[in-house]
Amino acid sequence: MAVKFQDYYETLGVARTASADDIKLAFRKLARIHHPDVSKNKVAGEAKFKEINEAYEVLGDTAKRKRYDELGPNWQDHANRAAPTDAGRHGRGQPAGGEPDFEFSGTGFSDFFETFFSGRSGGFASARRAAGGASADFAQLGRDIEADLLVTLEEALQGSMRKVTLRRPALDGGAARTNTYQVRIPPGMREGQRIRLAGQGGAGQGDAPAGDLYLRMRFARHPDLRVQGDDIHCDLDLAPWEAVLGTKAKIPTLATATTLRVPPGTAAGTLLRVRGQGLPREDGTRGDLYATVRLQAPPAVSTEERGLWEKLAQLSTFHPRNPS
């Protein structure tokens, strides 16, 4: 199957000269629109959300963006010249031993991403010789193969079932084979953890068993939430008067939005906690949700508002650079 080029700049709707901040803003805007939980068309929204995530996975990372830009219009030449060691790094090309590579669908990533930017890996296991020592008895364990699986934070919270298809290459003149797996993602999976499908890797040689298939968790970027261990973090933007007087503010969670009480006199950088709204732990409890307070000043004020601010400046005894 031919690899199709992915124009990540077009996916995010930004120019190739866009700054890192512009790329982040474009991702967050599109991700909020197409997130499966809010999209009117869940199937189409999920597909678009994965495309947006893939684009941001590359353009939002300085090293990956540099590599992507270096590929340029001759990107296909790089794919065709992929060395055997590239297969170990990207899971494509011709791995050691001459076996053609596997092709996946349903992982949430395109073939283009898997070719150049995935952590997919594979390689033959150790060789062994059967009793008798004849060359015909030479056996080689099948190759373990690994692919990234794009998982939303909601899937990590609740668990899900995913259909993953693996197209196996034709060997020794035989026909290519396609296998489809219903993969269970249990609640509480973490980024980098792997699901093992025993015996579903590359075929062994001789009487040696097949290798294993590993699917490694990669969290989809959420437009508003970040993961730190068991906990979820978000930003909470407040107007100056909300921080001074206190307020009630809605914040996103992995389920439905919740209302958080902001006490009077809350300073920028304060962490406000909502217990039990993080990711599941092994003991059955859940981590927490933390909102980091950020103060936002009005970009412009009316004449009347400016007068009130000037009056406040005259009356206030608060001196932020000399609080004592």
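Note that this is a predicted model, so its numbers are computed, not measured.

(A) Representation of the overall build of the protein in the model. When helices and strands are counted, the protein shows 10 helices and 15 strands. For the protein, the residues scored as buried account for 40% of the 324 residues in total. The contacts in the protein between residues at least 6 apart in sequence include a share of 60% that link residues at least 24 apart. Split by element, the accessible area of the protein, about 18100 Å² in all, is 51% carbon and sulfur.

(B) The packing of aromatic side chains, seen in detail. Counted according to the given criterion, the structure contains 14 aromatic pairs. A ring pair is formed by Y8 and Y68, whose centres lie 5.0 Å apart and whose planes are at 40°; its orientation type is tilted. Of this pair, Y8 sits in helix α1 (residues 8–12) while Y68 sits in helix α4 (residues 62–71), and the two are 60 residues apart along the sequence. With respect to burial, Y8 and Y68 carry one shared label: buried. Aromatic pair W241 and W309: ring centres 6.2 Å apart, planes at 45°, arrangement tilted.

(C) Local environment of the sheet that holds strand β1 (residues 103–105). Overall, antiparallel pairing links the 3 strands, which are arranged β1-β6-β7 in an open sheet. Bordering the open sheet on either side are β1 and β7 (177–185), each of which pairs with just one other strand. Ignoring strand direction, the axes of neighbouring strands in this sheet form an average angle of 25°. Here β1 runs beside strand β6 (residues 160–168); their pairing, made up of 3 bridges, is antiparallel. Opposite F104, over in β6, you have L166 as the bridge partner.

(D) Fine view of the pattern of salt bridges. Under the defined criterion, the tally for this structure stands at 22 salt bridges. The shortest N-O distance in the salt bridge between D224 and R32 comes to 2.6 Å. On the criterion of sequence distance, the pair formed by D224 in the loop between β9 (213–219) and β10 (226–228) and R32 in helix α2 (residues 20–34) is long-range, its members being 192 residues apart. As a salt-bridge pair, D212 and R196 come within 3.0 Å of each other at their nearest N and O atoms. Here R196 lies in strand β8 (residues 194–197) and D212 lies in the loop between β8 and β9, a separation of 16 residues in the sequence. Several salt bridges converge on common partners, so that one network encompasses E57, K64, E146, D148, R194, R216 and R218.

How each quantity is defined
- Residues numbered from 1 in each chain as written.
- Predicted model: local features only at pLDDT ≥ 70, side-chain atom pairs only at ≥ 80, totals over all residues.
- Heavy atoms only, no water.
- Helix = DSSP H or I, 4+ residues; strand = E, 2+ residues; numbered from the N terminus.
- Buried < 20%, exposed > 50% of the residue type's maximum accessible area, 1.4 Å probe, protein only.
- Contact = heavy atoms within 4.5 Å.
- Areas by Shrake-Rupley, 256 points an atom, 1.4 Å probe, with all protein chains shown as cover.
- Phe/Tyr/Trp six-rings, centres within 6.5 Å; stacked < 30°, edge-to-face > 60°.
- Pairing = 2+ DSSP bridges.
- Axes fitted to C-alpha atoms, helices over the stretch in contact; angles between N-to-C directions.
- Salt bridge = Lys/Arg side-chain N within 4 Å of Asp/Glu carboxyl O.

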